[in-house]
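# Inside the fold
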Amino acid sequence: MLTISVNGQKRQVSSPEGTPLLYVLRNELGVDSPQFGCGMAQCGACSILLDGKEVRSCITPAMMAAGKEITTIEGLSARWAQQKHLSPAQAAKTLHPVQEAWIEQQTPLCGICQSGMMIKATELLESNPNPSVEQIKDAFTNSAPSPRLCRCGSYIAIIDAVRFASTLMAKGGAQ
């Protein structure tokens, strides 16, 4: 039995250690935001944060998560609340600025890739709070096994949302 930490909660999993994290999260733990896109780390729909770094959960064995923190978009609010030292009452009413930006900018079209896009945006903004458009494009294109793919072509909306999230984060959260 393997113990992993998902969005701040320790979870016991019975899947074999070599099972891709995507299947463990979705099928065993009911965490639905990471999507099955290609199954070969080529699209980014399955992206999660593993100790703050974006990984493709479709090719990451469950054993690689032992002793590390997994964050999915379900955990972004709590991650932001912890970073900002919000009270439990404040945290319960708070979305992560990336989530706020995605809603405000009406970024998703079909939505299949958006979880992975939001995870990448969070990783980028935690390391570079005020990225330029070129840095955003570079992060989404060159910082993983392959570029993140959006079949709907919402790339401009994604860039706008990342820039808006950057503004929100600089202000300390939602407008």
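Residues numbered from 1 in each chain as written. Predicted model: local features only at pLDDT ≥ 70, side-chain atom pairs only at ≥ 80, totals over all residues. Heavy atoms only, no water.

Identification of the protein chain as (2Fe-2S)-binding protein from Terriglobus albidus is taken from an unreviewed UniProt entry.

Further remarks concern helix H1 (residues 21–28). Along an α-helix, residues three or four apart share an orientation, since each turn contains 3.6 residues. All of the buried residues along H1 are Leu21, Leu22, Val24 and Leu25. Just past H1, the residue Gly30 takes up positive phi, approximately 70 degrees. (Buried < 20%, exposed > 50% of the residue type's maximum accessible area, 1.4 Å probe, protein only. Helix = DSSP H or I, 4+ residues; strand = E, 2+ residues; numbered from the N terminus.)

Attention now moves to the environment of Ala165. Along the chain, Ala165 falls in helix H7 (residues 155–171). A sequence separation of 65 residues divides Ala165 from Glu100, and the C-alpha atoms of the two residues are 7.3 Å apart. The residues touching Ala165, leaving out its near neighbours within four places in the chain, are Pro97, Val98, Ala101 and Leu125. (Contact = heavy atoms within 4.5 Å.)

Opposite charge on two side chains permits pairing when their charged atoms draw close. With the rule as written, the count across this model stands at 5 salt bridges. Between Arg56 and Glu54 there is a salt bridge; the shortest N-O distance is 3.0 Å. The burial state of Arg56 is the same as that of Glu54; both residues are buried. The salt bridge partner of Arg148 is Glu54, with a shortest N-O separation of 2.6 Å. With Arg148 in the loop between helix H6 (133–142) and H7 and Glu54 in strand E4 (residues 53–56), this pair connects stretches of sequence that are 94 residues apart. Taken as a pair, Arg148 and Glu54 share a single burial class, namely buried. One network of salt bridges, in which partners are shared, links Glu54, Arg56 and Arg148. (Salt bridge = Lys/Arg side-chain N within 4 Å of Asp/Glu carboxyl O.)

To continue, consider the domain arrangement of the protein chain. Here the protein chain is described as being made up of domain 1 (2–72) and domain 2 (75–172). Contacts between domain 1 and domain 2 engage 19 residues on the former and 18 residues on the latter. Of the roughly 1,500 Å² buried between domain 1 and domain 2, counting both surfaces, carbon and sulfur atoms make up 52%. Linking domain 1 with domain 2 are 1 salt bridge. Tallied by class, residues from the side of domain 1 that touches domain 2 come to 6 nonpolar, 10 polar and 3 charged. (Domains from an automatic or database assignment. Buried area = accessible area lost by both parts, 1.4 Å probe. Nonpolar A, V, L, I, M, F, W, Y, C, P; charged D, E, K, R; others polar.)

Close contact between helix H2 (residues 76–83) and helix H5 (residues 114–127) brings their axes to 12 Å; oriented N to C, the two are set at 15 degrees. One element, H2, and the other, H5, form an angle in the roughly parallel class. Here H2 and H5 pass one another in a crossing that is left-handed. For the pair formed by H2 and H5, the contact residues are Leu76, Arg79 and Gln83 on the first element and Ile119, Thr122 and Glu126 on the second. (Axes fitted to C-alpha atoms, helices over the stretch in contact; angles between N-to-C directions. Parallel < 35°, antiparallel > 145°, perpendicular 65-115°, else oblique. Left-handed = near helix turned anticlockwise from the far one by under 90°.)

Another point: the pairing of E4. Bridge count for strand E3 (residues 47–50) against E4 is 4 bridges, and the pairing is antiparallel. Each bridged residue has a counterpart across the sheet, and for Ile48 the counterpart in E4 is Val55. (Pairing = 2+ DSSP bridges.)

One pass over the full model with this rule turns up 1 aromatic pair. When the ring of Tyr23 is compared with that of Phe36, the centres are 6.5 Å apart and the planes differ by 20 degrees; the resulting orientation is stacked. Here Tyr23 is found in helix H1, whereas its partner Phe36 is found in the loop between H1 and E3, with 13 residues between them in sequence. Since its relative accessible area comes to 43%, Phe36 is described here as partly exposed. (Phe/Tyr/Trp six-rings, centres within 6.5 Å; stacked < 30°, edge-to-face > 60°.)

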